[in-house]
Amino acid sequence: MHSKPVGRRSNPTRRNVLGTIAGVAAAGVVGGYAWDHVRQGSDHGGTVADQAGTGPSGQAGGAHTFERLSDPARTVVRAADGGTLATFTDGARTAVLTGPTRTFSEPRTTEAKVTTDAWVRVLPHEWQRGMEKSASFRSWFRKALGDTSPDVFAVAFQYSSAGAPDKHNAAGVRYAGTAHFGPRNTAVNNPLDFAFHDEQSDFYDYLGLPWTFPDGTRVQPEKARYGDADCSGFQRLVWGYRMGIPLHNTNTKGAGLPRRAFAIAADGPGRMVIPHTGKQQATDLSVLQPGDLVFFAIIKDRPDFIDHCGMYMGLDDQGRHRFYSSRSAANGPTMGDMSGHALLDGTDFYARGFRAARRL
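Structure report, in brief. Keep in mind the model is a prediction, meaning the values are calculated, not measured.

As for the overall build of the chain
Here comes step 1: Scanning the chain for helices and strands turns up 6 helices and 18 strands.
Here comes step 2: A buried classification covers 57% of the 360 residues belonging to the chain.
Here comes step 3: Counting only contacts in the chain whose residues sit at least 6 apart along the sequence, the fraction spanning at least 24 positions is 61%.
Here comes step 4: When the accessible surface of the chain is split by element, carbon and sulfur atoms take 50% of a total near 14000 Å².

This is the structure in structure tokens:
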């Protein structure tokens, strides 16, 4: 539960104590919340791995208060005992609520386990100060606090490279199941090399579907990339295709998520919580909350260029800041440690390359 603030000044948190999942993870998805019609999407459903507990002491019907905090500006909902029930960040659609604790692991690639009471939801529009005063929000919040339908974490791990079962919609399209990073690059022999599997696989390649973007651009999937999603393609698959955040197909400013990691960091929706300042490792992690996108400079000769992105999950069972991303060495989405530990803190490869974070 969010009983103790952690982080810069009175940064409210939920215990980020361990936060994520693995190959055995959850199924189903909530396709984004709406105050006025409660839920979007249709063919989603499933279970959550290792779910336990009953959530915070101040449940939906209990007394709670709203507190304004800064850096970043946000509204925090407190239970009667002071624990954190939810956090809404101004300018972002990501909402983090306290719910039943879940524990996840990925034995194929790491001994680490992650446990979290954080449930990441996507609001229908960006949060702004004062929204909590509306009757429609109050109605939504009562439902959301008790909701254990799949959240962003559960959806993300429906694509785990460690083995996730296939899911098909009514039209027979496989919309979830084990994802891979990309086709084998025959010019590279070392399986731990970052180019061993090729980049450039977007969400529509995974789906095997032609896609028309809002500007009218129509793209065709590559047959050789069916079931594949590179690092940014995977985030677009989860946050865009599944959770309903708009997508566009360029690396320039536009409504929603652009294509490449560097473009999402610079021009994506939401707000930066750790700005990209250049070649230096980002070390102040106190501002992070589960679900934040994290960005890395992993090209040896370009220490200031963002070329990888992942999703922050919280602290693992060793108290380390762990993230989840689609990576070549694991050949798909992983929280594991093949060819670099999936950690933001310390001196490992990805930690040294950690540069920025954005809250969608």
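And the narrative resumes.
Some words on unusual backbone geometry
Here comes step 1: Along the chain, Asp71 connects to Pro72 via a cis peptide bond; the corresponding omega equals 5 degrees.
Here comes step 2: With respect to the helices and strands, Pro72 occurs in the loop between strand S4 (64-69) and strand S5 (74-79).
Here comes step 3: The phi angle at Asp71 is positive, at roughly 60 degrees, despite the residue not being glycine.
Here comes step 4: Tracing the chain through its elements places Asp71 in the loop between S4 and S5.

So, the sheet that holds strand S17 (residues 332-334)
For sheets, the rule is that strands pair by backbone hydrogen bonds, running either parallel or antiparallel.
Here comes step 1: One open sheet holds the 6 strands; their spatial order is S13-S18-S14-S15-S16-S17, and the pairing between them is antiparallel. Pairing within the sheet leaves two strands with one partner each, and these edge strands are strand S13 (271-274) and S17. Neighbouring strand axes in the sheet, compared pairwise and without regard to direction, differ in orientation by 30 degrees on average.
Here comes step 2: In this structure, strand S14 (residues 293-296) lies alongside strand S18 (residues 354-359), joined through 4 bridges in antiparallel fashion. Note that in S18 the partner of Phe296 across the bridge is Phe354.
Here comes step 3: Helix H4 (residues 231-242) rests against S14, strand S15 (308-315), strand S16 (321-327) and S17 of the sheet, and its axis sits at about 60 degrees to S15.

Some details on the state of the cysteines
Here comes step 1: Across all of its chains, the model carries 0 disulfides by this definition.
Here comes step 2: For the unlinked cysteine Cys231, the closest cysteine sulfur is that of Cys309, found at 4.2 Å.

Some words on H4
Here comes step 1: Taking 1.5 Å per residue as the helical rise, H4 with its 12 residues ought to reach 16 Å, and the 16 Å between its terminal C-alpha atoms agrees with that figure.
Here comes step 2: In terms of burial, H4 is a largely internal element, 11 of the 12 residues being buried.
Here comes step 3: Looking at H4, one finds that the buried residues are Cys231, Ser232, Gly233, Phe234, Gln235, Arg236, Leu237, Val238, Trp239, Gly240 and Arg242.
Here comes step 4: Where H4 terminates, the next one or two residues include Gly244, which has phi positive at roughly 90 degrees.

Side note on the nonpolar core
Here comes step 1: In terms of nonpolar packing, the biggest core is built from 43 residues, with Val152, Tyr159, Val238, Trp239, Phe295 and Met311 touching the most fellow members.
Here comes step 2: Among the elements of the structure, strand S8 (113-122), helix H2 (152-156), strand S10 (174-176), helix H3 (203-207), H4, helix H5 (261-267), S14 and S15 are those that each provide at least two residues to this core.
Here comes step 3: Considering each element in turn, this core owes the most residues, 5 residues, to H4.
Here comes step 4: Counting 16 residues, the second largest nonpolar core, distinct from the first, contains Tyr312, Ala342, Leu344 and Ala357.

Observations concerning the environment of Leu85
Here comes step 1: Turning to its location among the elements, Leu85 is positioned in strand S6 (residues 84-89).
Here comes step 2: Taking the C-alpha atoms as reference, Leu85 lies 9.8 Å from Phe66; in sequence the two are 19 residues apart.

With respect to the pattern of salt bridges
Here comes step 1: For the structure on display, the rule yields 15 salt bridges.
Here comes step 2: Note that Arg121 and Asp147 form a salt bridge whose closest N and O atoms lie 3.6 Å from each other. Note that Arg121 is positioned in strand S8 and Asp147 in the loop between helix H1 (135-145) and H2, a separation of 26 residues in sequence.
Here comes step 3: Residue Arg121 is classed as buried on the basis of its relative accessible area of 2%.
Here comes step 4: For Asp147, a relative accessible area of 13% gives the class buried.
Here comes step 5: The salt bridge partner of Arg259 is Asp230, with a shortest N-O separation of 2.9 Å. Of this pair, Arg259 sits in the loop between H4 and H5 while Asp230 sits in the loop between strand S12 (218-219) and H4, placing them 29 residues apart in sequence. A single burial state applies to Arg259 and to Asp230, both of which are buried.

Focus on the side chain of Thr334
Here comes step 1: Inspection of the secondary structure assignment puts Thr334 in strand S17.
Here comes step 2: Judged by relative accessible area, Thr334 falls into the buried class, the value being 1%.
Here comes step 3: Side-chain polar atoms of Thr334 contact the side chain of Glu106, separated by 2.7 Å.
Here comes step 4: Filtering out sequence-adjacent residues up to four positions away, Thr334 remains in contact with Glu106, Thr109, Ser161, Phe323, Tyr324, Ser325 and Arg327.

Cut-off values and rules
- Residues numbered from 1 in each chain as written.
- Predicted model: local features only at pLDDT ≥ 70, side-chain atom pairs only at ≥ 80, totals over all residues.
- Heavy atoms only, no water.
- Helix = DSSP H or I, 4+ residues; strand = E, 2+ residues; numbered from the N terminus.
- Buried < 20%, exposed > 50% of the residue type's maximum accessible area, 1.4 Å probe, protein only.
- Contact = heavy atoms within 4.5 Å.
- Areas by Shrake-Rupley, 256 points an atom, 1.4 Å probe, with all protein chains shown as cover.
- Pairing = 2+ DSSP bridges.
- Axes fitted to C-alpha atoms, helices over the stretch in contact; angles between N-to-C directions.
- Disulfide = S-S within 2.5 Å.
- Expected span 1.5 Å × (residues − 1).
- Core = buried A, V, L, I, M, F, W, Y, C linked by side-chain atoms within 4.5 Å.
- Salt bridge = Lys/Arg side-chain N within 4 Å of Asp/Glu carboxyl O.
- Polar contact = N/O pair within 3.5 Å; in protein donor to acceptor, adjacent residues only side chain to side chain.

Everything listed here is a matter of geometry and, on its own, says nothing about what the molecule does.
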